[in-house]
Amino acid sequence: MHHFTINNRHTFFSNSTRSRIVHHVLQRTKYEDGKSKMGINRLLGNGTYEAAFPPHEGGYKSRHPIKTHGAQNHRHLLYERWARWGMWYKYQPLDLIRRYFGEKIGLYFAWLGWYTGMLIPAALVGLLVFLYGFLTMDTSQVSKEICEANTTIMCPMCEENCNPWKLSDSCVYAKVTHLFDNGGTVFFAIFMAIWATVFLEFWKRRRAELTYDWDLIDWEEEEENLRPQFEAKYSRVERVNPISGKPEPFQPFTDKLSRLMVSVSGIFFMISLVLTAVFAVVVFRLIAMEKFASFDWEFVKKNWQFATSGTGVCINFMIIMSLNVVYEKVAYLLTNLEHPRTESEWENSFALKMFLFQFVNLNSSTFYIAFFLGRFAGRPGKYNKLFNRWRLEECHPSGCLIDLCLQMGVIMVLKQIWNNFMELGYPLLQNWWSRRKIKQTEREERTRGGQNVENKVQLPQWDKDWNLQPMNAHGLVDEYLEMVLQFGFTTIFVAAFPLAPLLALLNNIIEIRLDAYKFVTQWRRPMPARATDIGIWYGILEGIGVLAVITNAFVIAITSDYIPRFVYAFRYGPCVDKEYHHEKCLQGYMNSSLSVFDMGVRWNVSEEQSRYCRYRDYRASPWSPVPYDFTLQFWHVLAARLAFIIVFEHLVFGIKSFIAYLIPDMPKSLCDRMRREKYLMQEMMYEAELEHLQKERKKNGRRYHHEWP
């Protein structure tokens, strides 16, 4: 004890540490004779107790202003300086959060705050790219040609009840497409790929600083207790724990492998269910496309692309939210089927399943629109049909990127609104109902006893907390999952939707205060836990960063019209072998990207155009020696797309690796501080031991020496 400076034994440990000590004792206390009759968790499992939780320090509100009377407890201080909505622009008090809720929750809010802060430059650049598209919308050569194409007759969009239409009818659609598909798209995709790397690398530095400040540098996770379910299942088979040297239940390898195979099969089955749902949405889009294209209302008929995409996205969102409820139950069932050994293993396994399920559920339809929509539609006279009935959907003459943008925007906005409502509205309603029932019970008791008690009975803190909602049984899994899925939306298809970082930033500003309000006022105080990192989520974020580079390369090369425009400007446009000016060099691009089809039937148009209509493809004309065969321009565009994918991926991965190499995981100043602290600690312990030993010798009457004996 003489190595420690303890001024007050009651305040030496923080409140969260004292809660962990009490919980540690309760977990190891026997309540009956028997090897397994031990611990509060087993008593909770068999229904002896309904709940066990550390109580809050007191109320979070005070009748007196905090500026004049100070905070009455840490919970009150957290509410006034962190959880209130008026504090949205201020830094989070991470040290106070850590002292009250523990390091694990403190690290979550530190990561969330860091992620939100890093979104600011991404949101600004994305907004500038969007504004560039907005300012150049009217001067875009492609949009001009589409809007002025009053004589260009396009082929019918459906087999029945659809007539040829003028290309100029889609003028608004072309201008909106230019907002997201312009010269800044490639730059922003590269910027976001590098941003994701910088974000993760600098988070490692920030995490190192926090773990040092919170005395977690030398902390190693202590050996966790076995889960009661694991003990009950494998109590008959034991082996000696190599760390503790005591016998403990053991799961045979064959049993573990068989359960893992069943779990993996369940995961693939659920993923196939997602793909089935996506297929159903595709069928709906095909049916809706025909209906809207032949609609009686002229406004809908003219904007059938928006109508088809909008209704498809809304139905897809409802399917996504419905399946999410099913996936949580399936992931819980499959994780319990595996019988993980410890709580951390259970949490990691459950988190990975939830991420896989929800990621596939959320992004499968987006992948379809990005890489499959309009790719296999065929051509007029030889369209590919689903079930020999519905013609596959085609891209608009100005590209498919607007469909992808609409899909991302609607799902991202609706999902964030729904999540925020469920996180705040649901606990508020439940707590209000609990308080209402308590007041009703008290009223009935007073009426039954014939008493008219005006003064309210002051409930103990544990009773007040009992009426609050318990923290989610999955811990922080749901909180991390929501943000990680948002990170995926912000990076994976950001080339199609540059406003995604801005929407994420606005949502996260609300999310931080919403989570803070929820933890401080609506939830029981969770059991404090120690941690040095965000766990399995860091690996998932790195995987998303790699996937983002690949998908953005394919979005720019395949979904966007950037490559076809580039090839036309340098190989087929009016500026070949001349000085390059972007918009001037795209003159005639629209006509070059449309092929001719001989309908063989006269329509109510001018005599010169009565037999022919145009469609989006690079095919030979009907009067050429090989009608409807791919032209040389098609192969040039295809080669340029493949070359762009290879160059883009290698360039961005090279830059990401170089940046990761340049940024050390730990700041040099922190390394110097740690080495200095280690040196001073050794010196202090040497001096303290020397002084202690000299006092002991002097006390015992031995000779006194100034040097080490």
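In the block above lies the structure referred to throughout.
As a starting point, this report considers the structure included with it. This structure is a prediction, so every number in the text was calculated from the model and none was measured. Numbers given for residues are sequential positions, taken from 1 along each chain in its written order. Local features are withheld for residues below a pLDDT of 70 in this predicted model, meaning they are given only at 70 or higher, and side-chain atom pairs are given and counted only at 80 or more; totals for whole chains, interfaces and linings count all residues. The basis for every side-chain value is the complete set of non-hydrogen atoms in the structure, without hydrogens or water.

1. Considerations on the packing of aromatic side chains
- Any two of the Phe, Tyr and Trp rings considered here, Trp counted by its six-membered ring, make a pair once their centres fall within 6.5 Å; the pair's planes then place it as stacked at under 30 degrees, edge-to-face at over 60, or tilted in between. Tallied over the entire structure, the rule returns 41 aromatic pairs.
- Arranged with centres 5.7 Å apart and planes meeting at 75°, the rings of Trp88 and Tyr89 form a pair that is edge-to-face.
- Under the relative-accessibility criterion, Tyr89 is labelled exposed at 54%.
- With a centroid separation of 5.7 Å and 50° between ring planes, the pair formed by Phe367 and Phe371 is classed as tilted. Separated by four residues within a single helix, Phe367 and Phe371 lie in helix 14 (residues 343-371), roughly one turn from each other.
- Here's how the labels work: a residue is buried when its accessible area is under 20% of the maximum for its type, exposed when over 50%, partly exposed in between, all with a 1.4 Å probe on protein chains only. Note on Phe367: relative accessible area 21%, which makes it partly exposed.
- Phe371 gets classed as buried once you look at its relative accessible area, which sits at 16%.
- Any Lys NZ or Arg CZ that is within 6 Å of a ring centre and within 35 degrees of that ring's normal is treated as a charge sitting over the ring. Arg525 extends its terminal NZ or CZ atom over the ring of Tyr100, reaching a point 3.9 Å from the ring centre.
- The side chain of Arg571 reaches across the aromatic face of Tyr572, ending 5.4 Å from its centre. Only DSSP runs of H or I reaching four residues or more are called helices, and only runs of E reaching two or more are called strands; each is numbered from the N terminus.

2. Some words on the pattern of salt bridges
- What makes a salt bridge here is a side-chain nitrogen of Lys or Arg within 4 Å of a carboxyl oxygen of Asp or Glu, nothing more. Summed over the entire model, instances satisfying the criterion amount to 19 salt bridges.
- The closest approach of N and O atoms between Glu103 and Arg98, which form a salt bridge, is 3.1 Å.
- Note that Lys104 is salt-bridged to Glu347, the shortest N-O span being 3.4 Å. With Lys104 in helix 6 (residues 103-135) and Glu347 in helix 14, this residue pair connects regions lying 243 residues apart in the sequence.
- A single network of salt bridges, built from pairs that share partners, joins Arg98, Glu103 and Arg530.

3. Overview of the state of the cysteines
- Count a disulfide wherever a pair of cysteine sulfur atoms falls within 2.5 Å. Summed over all chains, the structure comprises two disulfides.
- Residue pairing for Cys147: its cysteine sulfur links by disulfide to Cys171, the two sulfurs lying 1.9 Å apart. Since a negative S-S torsion denotes a left-handed disulfide, the Cys147-Cys171 link at about 85° is right-handed. Here Cys171 lies in helix 8 (residues 171-180) and Cys147 lies in helix 7 (residues 141-147), a separation of 24 residues in the sequence.
- Paired by a disulfide, Cys155 and Cys613 hold their sulfur atoms 1.9 Å apart. The sign of the S-S torsion, about 80°, decides the handedness of the disulfide formed by Cys155 and Cys613: right-handed. In this pair, Cys155 is assigned in the loop between strand 1 (153-154) and strand 2 (165-166) and Cys613 in strand 10 (residues 612-616), connecting sequence segments 458 residues apart.
- Residue Cys155 is classed as buried on the basis of its relative accessible area of 5%.

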